[in-house]
Amino acid sequence: LYLIPDVKHFGYLLVAVKYDWTHVGRVDPTEELELTFALKQQNSDLLEEILTLVSDPDSAQYGKHLTLEEVSSLVRPSELTQKVVHHWLQSHGITNCLTVRTRDFLQLWSFLFYVLRVAETLLPGSKFHRYIRDGHSLVRSSAPYSVHDDVHQHLDFVGGLHRLPPKGQDLNKASSNRKQKQSKAGVHLGVTPAILRARYNLTATDVGTAQNNSQAVAQFLEQYYSPADLAEFMGMYGRSFKHLSQVDRVVGTQGAGKAGLEASLDIEYIMSTGANISTWIFTNPGRHESQEPFLQWMVLLSNMSDLPWVHTISYGDDEDSLSTAYMMRINTEFMKAGVRGISLLFASGDSGAGCRHLGKEQNSFRPSFPASSPYVTTVGGTSFKNPFKVTYEVTDYISGGGFSNVFKMPDYQASAVDGYLKTVTATLPPQSYFNTSGRAYPDMAALSDNYWVVINRVPVPWVSGTSASTPVVGGMLSLINDQRLLKGLPALGFLNPRLYKLKGQALFDVTEGCHLSCLDEQVQGKGFCAAPSWDPVTGWGTPNYPALLAALLAE
């Protein structure tokens, strides 16, 4: 659904069907409901300062990460905020909220009768309806809600009202054009763990050995992995290196039914690249149809003191479909993870620069969030120059990239981006299509084209998307963390300040190819193009593992 700001209300109005959700009708007032209240936090400016210090290799504070308890005492909402919000809820008969360690999220989830009726009284204007897509059902409000002024100043947003999950990328469709071209030219064996290890210079001994290391993938779009598929994949493709064949921990509810392509891709490639490293999966909590799984994952991060060091997430939404208040708060959650030494990697998306139709014959590029967040490492995609050989890499035309319309360019990347804009001035798209002062992404890339995945016990070729490149980079960062932990060094944490200081050292620079964008007369489907050094298609390039390991092991 499109979310259009309504200035009079603390909410977003659903005005057009988006992502193929179908409206079914009003929800029975006695239905249960889950809402998440994001309480205003304290010291977010100080949190950002600390993140900069612990992530900058030139700072004396580098690597001095905080515990969850220390983060809690820093950002915990004021006593007044907690009191006002609790009193407001109690005055509507709501006493059974769950909270998190940092006390900045409250969750209302109950089987009490009239909960939905209570919610519509609590949040005047809200009207809950049911929407369905592909057999999945969700409850959301079709109208904006308001809260009393006294409470408004203590809340960032209420989750579980408006946001509907985007549709997952069709990973087969992403590669269907290429598939036909290549099958005529001859047999293409495609990308497997052995091909990735050859291209990025990992040897059979580049596997994890540290006891205190772990990595995770997070999945939100009703996707499940199959333990049998993972074991089959490792049996087929992991014979040449030491590996694990099962996930150590599943957080959430693994659904029954067929395995999802996205979920299988994520887990098979993080575990074959970050081989022999304990791996977790965060999956759909699946508790209720009013829940927002991405938000639920963020709440979990705020509540677990023991977490994997690297998380890879293949999930995104158009920046313009989300409220700024929501994105700002999610950014604070990313900062909270970063100061704890956790590396968050997001796929840059599979729509190139994207395209937003603004009006009659007027378009602009369409950035994606969380890819555009300044506090995560965003991973783009590449293809082999010669699809039949392990050659150098060129841009994969689907690789998401561009400039945020919401977040300003962080200091760590300013000179790199400025260098790009000056170098390619003559070939840049018109300035009206993008915001040159916004956070630019991706930060780096890896192969995203023609992967083999085992799904429902069958090897499937030609799977493509930045959901392939992201777990590959994540696995390599986990291997680097492994070596750091063995040497008694802290985990990498938020990588970007250090990555940009390397200025492309230890990465294979990608300098050929452009990604797709608006099909109109002005840009004719062409977005940004790769160039020497950093660019908004492949970032700094793809990892040369031994060189990157050496650069990131240096104290």
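Residues numbered from 1 in each chain as written. Predicted model: local features only at pLDDT ≥ 70, side-chain atom pairs only at ≥ 80, totals over all residues. Heavy atoms only, no water.

**Q** Looking at this structure, how should I read the overall build of the protein?
**A** Within the protein, the secondary structure is distributed over 15 helices and 29 strands. Taking all 555 residues of the protein together, the buried fraction comes to 61%. Intrachain contacts of the protein at a sequence separation of at least 6 include 80% that bridge at least 24 residues. Accessible surface computed for the protein: about 21700 Å², of which carbon and sulfur atoms make up 53%. (Helix = DSSP H or I, 4+ residues; strand = E, 2+ residues; numbered from the N terminus. Buried < 20%, exposed > 50% of the residue type's maximum accessible area, 1.4 Å probe, protein only. Contact = heavy atoms within 4.5 Å. Areas by Shrake-Rupley, 256 points an atom, 1.4 Å probe, with all protein chains shown as cover.)

**Q** Can you walk me through the UniProt feature "active site" (unreviewed entry) in the protein in this structure?
**A** Residues annotated by UniProt as "active site" (unreviewed entry) correspond here to Glu262, Asp266 and Ser467. The annotated residues occupy 206 residues of the chain but converge on a single region, no pair of C-alpha atoms lying more than 7.1 Å apart. Glu262 gets classed as buried once you look at its relative accessible area, which sits at 9%. As for its placement among the helices and strands, Ser467 is situated in helix α13 (residues 466-486). Look at Ser467 and you get buried, because its relative accessible area is 4%. Here the side chain of Ser467 touches Glu262 through a polar contact of 3.1 Å, side chain to side chain. (UniProt positions renumbered as here; feature names shortened; annotations may be inferred. Polar contact = N/O pair within 3.5 Å; in protein donor to acceptor, adjacent residues only side chain to side chain.)

**Q** Looking at this model, I keep getting lost on the state of the cysteines. Mind explaining?
**A** Two cysteines joined by a covalent bond between their sulfur atoms form a disulfide. What the rule picks out here adds up to two disulfides. Disulfide partner of Cys355: Cys518, at an S-S distance of 2.1 Å. Residues Cys355 and Cys518 share a disulfide whose torsion about the S-S bond is about 105°; that sign makes it right-handed. In this pair, Cys355 sits in the loop between β15 (343-347) and β16 (356-359) while Cys518 sits in the loop between β27 (514-516) and β28 (526-529), placing the two residues 163 residues apart along the sequence. When its relative accessible area of 1% is taken as the criterion, Cys518 is described as buried. (Disulfide = S-S within 2.5 Å.)

**Q** Explanation requested: the pattern of salt bridges in the structure shown.
**A** Opposite charge on two side chains lets them pair, provided their charged atoms get close. Applying the stated criterion across every chain yields a total of 17 salt bridges. Note that Arg366 is salt-bridged to Asp318, the shortest N-O span being 3.4 Å. Remark: Asp318 occurs in strand β14 (residues 317-318) and Arg366 occurs in the loop between β17 (362-364) and β18 (368-369); sequence separation between them is 48 residues. What emerges from the salt-bridge pattern is a single network uniting Lys40, Asp104, Asp156, Arg329, Glu333 and Lys336. (Salt bridge = Lys/Arg side-chain N within 4 Å of Asp/Glu carboxyl O.)

**Q** Got a minute to help me understand the packing of helix α9 (residues 261-273) against α13 in this structure?
**A** Each pair of packed helices can be described by the angle between their axes along with the distance between the axes. The geometry of α9 relative to α13 is characterised by a closest axis approach of 8 Å and an angle of 25° between their N-to-C directions. By the angle class used here, α9 and α13 are roughly parallel. The chirality of how α9 crosses α13 is right-handed. Counting all contacts with α9, which are made through Glu262, Leu265, Asp266, Tyr269, Ile270 and Thr273, the residues of α13 involved are Ser467, Ala468, Pro471, Val472, Gly474, Gly475, Met476 and Leu479. Partitioning the contact of α9 with α13 into residue classes produces eight nonpolar, four polar and two charged. (Axes fitted to C-alpha atoms, helices over the stretch in contact; angles between N-to-C directions. Parallel < 35°, antiparallel > 145°, perpendicular 65-115°, else oblique. Left-handed = near helix turned anticlockwise from the far one by under 90°. Nonpolar A, V, L, I, M, F, W, Y, C, P; charged D, E, K, R; others polar.)

**Q** Before we go on, may I ask you to explain unusual backbone geometry in this structure?
**A** A negative phi angle characterises most non-glycine residues, just as the trans form characterises most peptide bonds. Phe369 connects to Pro370 through a cis peptide bond whose omega is 10°. With an omega dihedral of 5°, the bond running from Tyr441 to Pro442 counts as a cis peptide bond. Even without being glycine, Asn201 reaches a positive phi, approximately 65°. Its place among the elements puts Asn201 in the loop between α7 (193-199) and β10 (214-218). By relative accessible area, which is 35% here, Asn201 ends up partly exposed. At Lys503, a position not held by glycine, the phi torsion is positive, near 50°. Locating Lys503 in the fold gives a position in the loop between α14 (496-501) and β26 (507-508).

**Q** Sorry if this is basic, but what is going on with the nonpolar core here?
**A** What tends to happen in soluble globular proteins is that the nonpolar side chains get buried as a cluster. Formed by 141 residues in total, the largest nonpolar core has its most connected members in Phe37, Trp88, Phe294, Trp297, Phe334 and Tyr451. If near-sequence neighbours (up to four positions away) are discounted, Trp88 is found in contact with Phe37, Leu122, Leu123, Val147, Val151 and Leu155. (Core = buried A, V, L, I, M, F, W, Y, C linked by side-chain atoms within 4.5 Å.)

**Q** Help me out: how do you make sense of helix α2 (residues 68-75) in this one?
**A** One full turn of an α-helix is made of 3.6 residues, so residues set three or four places apart face in the same direction. Of the positions making up α2, those classed as buried are Leu68, Val71, Ser72, Leu74 and Val75. On an axial view of α2, the arc spanned by its buried residues comes to 165°, and they lie on one face. Among the structural elements, α1 (44-55) and α11 (324-339) are those in contact with the buried residues of α2. (Arc of directions from axis to C-beta.)

**Q** Would you mind going over the packing of α13 against helix α15 (residues 545-553) with me for this structure?
**A** Across the interface, α13 lies against α15 with an axial gap of 10 Å and an inter-helix angle of 45°. Judged on the interaxial angle alone, α15 and α13 are oblique. In terms of crossing hand, the pair formed by α13 and α15 is right-handed. Residues Met476, Leu477, Leu479, Ile480, Gln483 and Arg484 of α13 lie in contact with α15, whose contacting residues are Tyr545, Leu548, Leu549, Leu552 and Leu553.

**Q** Would you mind going over the pairing of strand β25 (residues 458-463) with me for this structure?
**A** Where a strand is regular, its side chains alternate between the two sheet faces. Two strands pair when backbone bridges link them, and strand β24 (residues 451-455) and β25 are joined in this way by four bridges, in the antiparallel orientation. Paired with Val453 across the bridge in β25 is Val460. As consecutive antiparallel partners, β24 and β25 are separated by two residues, and within that stretch Asn456 has a phi angle of approximately 50°, a positive value. (Pairing = 2+ DSSP bridges.)

**Q** Explain the pairing of strand β13 (residues 310-313) to me, please; I cannot follow it from the model alone.
**A** Residues of β13 alternate between two faces, with Val310 and Thr312 on one and His311 and Ile313 on the opposite face, all of them buried. Here β10 pairs with β13 via four bridges, running parallel. Of the residues in β13, the one forming a bridge with Ala218 is Ile313. Examined bridge by bridge, β13 and β15 share four bridges and lie parallel to one another.

**Q** Just to check I follow, could you spell out the sheet that holds strand β3 (residues 22-26) for this structure?
**A** The strands that make up a sheet are held in pairs by hydrogen bonds between backbone atoms, and each pair lies either parallel or antiparallel. Strand order in the open sheet made by the three strands is β3-β7-β8, with antiparallel pairing throughout. Pairing within the sheet leaves two strands with one partner each, and these edge strands are β3 and β8 (136-141). Taken over all neighbouring pairs, the strand axes of this sheet differ in orientation by 30° on average, direction set aside. As paired elements, strand β7 (residues 128-133) and β8 share six bridges and run antiparallel to each other. Note that in β8 the partner of Phe128 across the bridge is Ser141.

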